[in-house]
Amino acid sequence: MTEFTQRALKIIAGIPAGHVMTYGQIAALAGSPRAARQIVRILHSMSKKHKLPWHRVINAQGKIGLQDLDSFTLQKMALESEGIVVSAAGEIELEQYQFHPQVVDEPVF
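Residues numbered from 1 in each chain as written. Predicted model: local features only at pLDDT ≥ 70, side-chain atom pairs only at ≥ 80, totals over all residues. Heavy atoms only, no water.

By the naming in an unreviewed UniProt entry, the protein chain is MGMT family protein, taken from Brevibacillus antibioticus.

Visitor: Talk me through the packing of helix H2 (residues 23-30) against helix H3 (residues 36-50); I want residue IDs and the actual numbers.
Guide: How two helices pack is summed up by the angle between their axes together with the distance between the axes. Packing of H2 against H3 brings their axes to within 8 Å, and their N-to-C directions diverge by 100 degrees. Judged by the inter-axis angle, H2 sits roughly perpendicular to H3. Along the contact surface, H2 presents Tyr23, Gly24, Ile26 and Ala27, while H3 presents Ala36, Ile39, Val40 and Leu43. For the contact of H2 with H3, the class distribution of residues is 7 nonpolar, 1 polar and no charged. (Axes fitted to C-alpha atoms, helices over the stretch in contact; angles between N-to-C directions. Helix = DSSP H or I, 4+ residues; strand = E, 2+ residues; numbered from the N terminus. Parallel < 35°, antiparallel > 145°, perpendicular 65-115°, else oblique. Contact = heavy atoms within 4.5 Å. Nonpolar A, V, L, I, M, F, W, Y, C, P; charged D, E, K, R; others polar.)

Visitor: Could you give an account of helix H1 (residues 3-13), with specific residues and numbers?
Guide: For H1, every residue scored as buried is listed here: Phe4, Thr5, Ala8, Leu9, Ile11 and Ile12. Summarising the axial view, the buried residues of H1 lie within an arc of 165 degrees, below the 170-degree limit, and thus occupy one face. Summarising the geometry of H1, the exposed residues directed more than 90 degrees from the buried face are Glu3 and Lys10. (Buried < 20%, exposed > 50% of the residue type's maximum accessible area, 1.4 Å probe, protein only. Arc of directions from axis to C-beta.)

Visitor: I'd like a description of H3, backed by residues and values.
Guide: The largest bend along H3 reaches roughly 40 degrees and is located at His44. Each element contacted by the buried residues of H3 is listed here: H1, H2 and strand S2 (57-58). (Bend = angle between axes of the 7 residues up to and from the residue.)

Visitor: Please set out the pattern of salt bridges residue by residue, giving values where relevant.
Guide: For the coordinates displayed, the defined rule picks out 3 salt bridges. Among the ionic pairs, Arg56 bridges to Glu82, the shortest N-O distance being 2.7 Å. With Arg56 in the loop between H3 and S2 and Glu82 in the loop between helix H4 (69-81) and helix H5 (94-97), the pair connects residues that are 26 residues apart, well separated along the chain. Since its relative accessible area comes to 12%, Arg56 is described here as buried. Note that Glu80 and Lys76 form a salt bridge whose closest N and O atoms lie 2.7 Å from each other. Pair noted here: Glu80 and Lys76 are both in helix H4, with a separation of 4 residues, about one helical turn. Overall, Lys76 belongs to the buried group, its relative accessible area being 17%. (Salt bridge = Lys/Arg side-chain N within 4 Å of Asp/Glu carboxyl O.)

See below:
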């Protein structure tokens, strides 16, 4: 597993209930700002194995990015069960719900 993937998994796992992060935001925090699509792949292939809160990751426009109706509905319901207001079109107010973790590098002594 690459260092980028390890960092991404840690970031995703740390998204608290009632908050969301964007694919690009996670990619940037994991060290590769242009790797939003890689975050999609990580979520698709590793969410179940690592018990990731995949439903808390949305696109940069503040919308659910899933196109398939069943997956869209599942993500919408999961977000709403955590108190997040989601419009019928799958829009989430980023100003209210976006999580901005404190990124702290290892201390230098």
